[in-house]
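An overview of the molecular structure
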2 protein chains.
Amino acid sequence: MYTLHSIDGGVCAAHGFYADGIHIGLKKEGAKDCAFIYSETSCEIASVFTTNKMTAAPIRHFRQKGKFKGNFVLINAKNANAMTGSAGISDIDEVLNAVNTKFPQIENPVMSSTGVIGVRLPKAKIIEGAMNFDLSRRDGIAASEAIMTTDTFAKRIAFEVRLDGGKSFRIGAMAKGAGMINPAMATMLCFITTDAEVDQETMQAMVNECVHTTFNAASVDGDTSTNDTVLIMANAQSGAFHRAAFKGTLEAIMLFLAKEMVRDGEGATKLVTYKVTGAKDNSEAEVCAKALSNSLLVKTALFGQDPNWGRIASTVGASGIACDEATLSIWFDEVCVYQKGELLFNEELEPLAAAVMKKNTFTIHCDIGVGEGSFTAYGCDLGHEYVKINADYRT
Amino acid sequence: MYTLHSIDGGVCAAHGFYADGIHIGLKKEGAKDCAFIYSETSCEIASVFTTNKMTAAPIRHFRQKGKFKGNFVLINAKNANAMTGSAGISDIDEVLNAVNTKFPQIENPVMSSTGVIGVRLPKAKIIEGAMNFDLSRRDGIAASEAIMTTDTFAKRIAFEVRLDGGKSFRIGAMAKGAGMINPAMATMLCFITTDAEVDQETMQAMVNECVHTTFNAASVDGDTSTNDTVLIMANAQSGAFHRAAFKGTLEAIMLFLAKEMVRDGEGATKLVTYKVTGAKDNSEAEVCAKALSNSLLVKTALFGQDPNWGRIASTVGASGIACDEATLSIWFDEVCVYQKGELLFNEELEPLAAAVMKKNTFTIHCDIGVGEGSFTAYGCDLGHEYVKINADYRT
């Protein structure tokens, strides 16, 4: 079939892709705050954007273009260009026109932004800064750092996919996000580049499907930003493609980055997998898994390392799905704390459950016991740092 | 028409009602932990219970009785009797049978519980303790204290309603709740007593309607407990009734207690009213108002006293209702911070908005600008104390 090989380079790992991150004066103290991704040849582009109705200008700008081929993305931090009306759109046009004039090899450039909502784009700074881009640089690390906001670490990954028969292609990616999503500094952004030979429709269908079980299954705080973006660019330079290999790798990359975001959740100390099985159908399982990952009471119990399974049961019940205490079972990793109406918790079991809660990564599994539906969601705890980060952000 | 007069007495304010709260060994250090409400004559009873599917035993027990008249409620703190299966029901029967044997004047007693989920009721302690009830006591203060869990103050209110022509009736109430709702120590409970002459159907219809704009419009943490209960008992002793007066007073009492719960929200420092107008319809306005009152990012911005209107706009957009940045307007009290696509925020406006955010009580008003729908919800901020209370509760 095919084999997966982890490689360096992030969004520059695939052939023909270039990227860099530089400081143009948006962040303090010289931190990188502006990045580009450039492909030397034209790309098929697929994308998924936020469901937030207050869609930021970069997304509205992208959508106005309809379906198109392109080879360049400009990304800035510190300003979301959201709630900025038609001025937000013309600001983007102005920036991209200036960049295109300076770099005529650019075709159909797009822009992506993350930062504070409701402030006009500092376009003069961005234009001036972008004049210093060196399109021959392949620094996927710098690019992944430039798009960070409250992220405490940069997020990137790349694989080479080796097919039977000797052909291979590469997929690389970078992402930012530490609230899922923090509208104030807005956004999860994910950029994926590949040299696979794949058409837009195939790629779009795959990315739609993969988003459901990866980024949309992960939550730090249950908020959806104005700027959420997943963008994938394919320049076909490898001349290779394999449907299952491409989709499997894409999903693995997106799941890895989604979990990285949750792990880097603002103030989070734990990455918890919520596995729901036995629901009436997959859709009810999803409702339940997301209710668990978003419950304040569950999240604070995680932070307190308290094996308080009553909060889990109550949240399942409050989620509105078909369920009954007589059919529900709950596990913390392998430790069953409640089974079909039986109160298992006692002085022997509690320390076992408490030991699981002390781990940085574990699974809470709820079997609803009424059907075959399943879904897995990912969440984190909520501690003092989250409050601190979000109460004091703007000031 | 009629006049409202605030009176003392809580659930004992209405004629023929008795109540008390005593210590029976469930809370530490002699704190009151068990209460009763008793009417010397039979009552019509209306009720609204949690929508949580993991319904606690007291509620299932109540529902099994069907429609009935009764005159006694026993309430315990520290144990929710939830997730306890059929044993939870038989525990209640055992407790109530013992109490009824001791006090034969009791008719159709019911029980209400609040506390930890998933632990069998300490029925021996409760039976032993209840033997010490003095049904001739009228201590509405003690009763309201006995039902507290993480509440920092007891919540009660009573009015005498004086009708034209000299007749009058009384309505009194007590409530507990400081998470809306905290499933771990479960629950909002509200008990209302009246000597008005009102039939069950009328009262039930009114309480259903009033719950929608009061308790169901208030949120501390967006969770719905296994035990949420509003119970109203009418013994008709005043011989008086006036439809509009009764309903108006009932709604005022329920709104007061709902706001008291939010004001006492775990760790809360602010009570914020979210007024949504101009939505497509009332139901969309409700979705939006509740999305605002439950948003972690809005709640932490409140705690940080940060006039971060971008989070408000983003939460409106993420709520899924019909909306557009070109028609949205946002006020903090009287200060308009965003008007139909216009970025009003500047160095003069920001301190005015910040001053509103520093108040303990204020209104955030969003006009969606697409229709006539409106709804008002109530919420609080989320600060370090919430995390502390909920992370460390059981331990």
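One can find the structure itself at the top, above this paragraph.
Let me begin by describing the structure that accompanies this report. (Residues numbered from 1 in each chain as written. Chains lettered and ligands numbered in written order. Predicted model: local features only at pLDDT ≥ 70, side-chain atom pairs only at ≥ 80, totals over all residues. Heavy atoms only, no water.)

**Some details on the sheet that holds strand E15 (residues 361-367) of chain A**
All names here are of chain A. Read from one edge to the other, the open sheet built from 7 strands follows the order E9-E16-E11-E15-E12-E13-E14, with strand pairing classed as mixed. Each of the sheet's edge strands pairs with one partner strand only, and the pair in question is strand E9 (218-219) and strand E14 (342-343). Bridge analysis of strand E11 (residues 271-279) against strand E16 (residues 373-380) gives 7 bridges, and the strand direction is antiparallel. Directly across from Thr-273, in E16, lies its bridge partner Tyr-378. Sitting on the sheet, helix H6 (residues 243-263) touches E9, E11 and E16, and the angle it makes with E16 is about 45°. (Pairing = 2+ DSSP bridges. Helix = DSSP H or I, 4+ residues; strand = E, 2+ residues; numbered from the N terminus. Contact = heavy atoms within 4.5 Å. Axes fitted to C-alpha atoms, helices over the stretch in contact; angles between N-to-C directions.)

**Structural notes on the pattern of salt bridges**
Side-chain pairs of opposite charge can arise where the charged atoms are in close proximity. Residues and elements named next belong to chain B. Evaluated as defined, the whole model comprises 36 salt bridges over all chains. Here Asp-151 makes a salt bridge to Lys-155, at a shortest N to O gap of 2.7 Å. Like Asp-151, the residue Lys-155 is buried in the burial classification. Linking Glu-209 and Lys-247 is a salt bridge whose minimum nitrogen-to-oxygen distance equals 2.5 Å. Of the two residues, Glu-209 sits in helix H5 (residues 200-213) while Lys-247 sits in helix H6 (residues 243-263), which places them 38 residues apart along the sequence. (Salt bridge = Lys/Arg side-chain N within 4 Å of Asp/Glu carboxyl O. Buried < 20%, exposed > 50% of the residue type's maximum accessible area, 1.4 Å probe, protein only.)

**Considerations on the relation of the copies chain B and chain A**
Least-squares fitting of chain B to chain A yields an RMSD of 0.1 Å, with the superposition described by an axial translation of 0.0 Å and a rotation of 180°. Taken together, the rotation angle and the small translation identify this as a two-fold axis. Considering only C-alpha atoms, the part of chain B nearest the rotation axis is His384(B), at 2.9 Å. A high fraction, 100%, of the interface residues of chain B reappear at the interface in chain A, so the copies pair face to face through one surface. (Least-squares fit on C-alpha atoms with pLDDT ≥ 70 in both.)

**Notes on the interface of chain B and chain A**
Opposite the 60 residues of chain B that make contact, chain A presents 60 residues. Both faces considered, chain B and chain A share a buried interface measuring about 4,600 Å² in area, 61% of it formed by carbon and sulfur atoms. Joining chain B to chain A, the criterion identifies 2 salt bridges. Close ionic contact of Arg60(B) with Glu325(A) constitutes a salt bridge, the shortest N to O distance being 3.5 Å. Inspection of the chain B/chain A interface yields 14 residue pairs in polar contact (both at pLDDT 80 or more). The set of elements that each furnish at least two residues to the side of chain B that touches chain A consists of helix H8 (296-303), helix H9 (309-318) and helix H11 (384-391) of chain B. For the side of chain B that touches chain A, the element with the most residues is H9(B), which contributes 9 residues. Here the residues of the side of chain B that touches chain A are counted per class, giving 26 nonpolar, 22 polar and 12 charged. (Buried area = accessible area lost by both parts, 1.4 Å probe. Polar contact = N/O pair within 3.5 Å; in protein donor to acceptor, adjacent residues only side chain to side chain. Nonpolar A, V, L, I, M, F, W, Y, C, P; charged D, E, K, R; others polar.)

**A look at the nonpolar core**
Counting 81 residues, the largest nonpolar core has Phe246(B), Val316(B), Leu328(B), Ile330(B), Phe332(B) and Ile368(B) as its most contacted members. The dominant element in this core, judged by the number of residues it contributes, is H6(B), at 9 residues. Among residues more than four places away in sequence, those in contact with Leu328(B) are Met54(A), Met83(A), Ala313(B), Val316(B), Tyr338(B), Gln339(B), Lys340(B), Gly341(B), Cys366(B), Asp367(B) and Ile368(B). Within the second largest apolar cluster, 79 residues are counted, among which are Ala46(A), Val272(A), Cys366(A) and Ile368(A). (Core = buried A, V, L, I, M, F, W, Y, C linked by side-chain atoms within 4.5 Å.)

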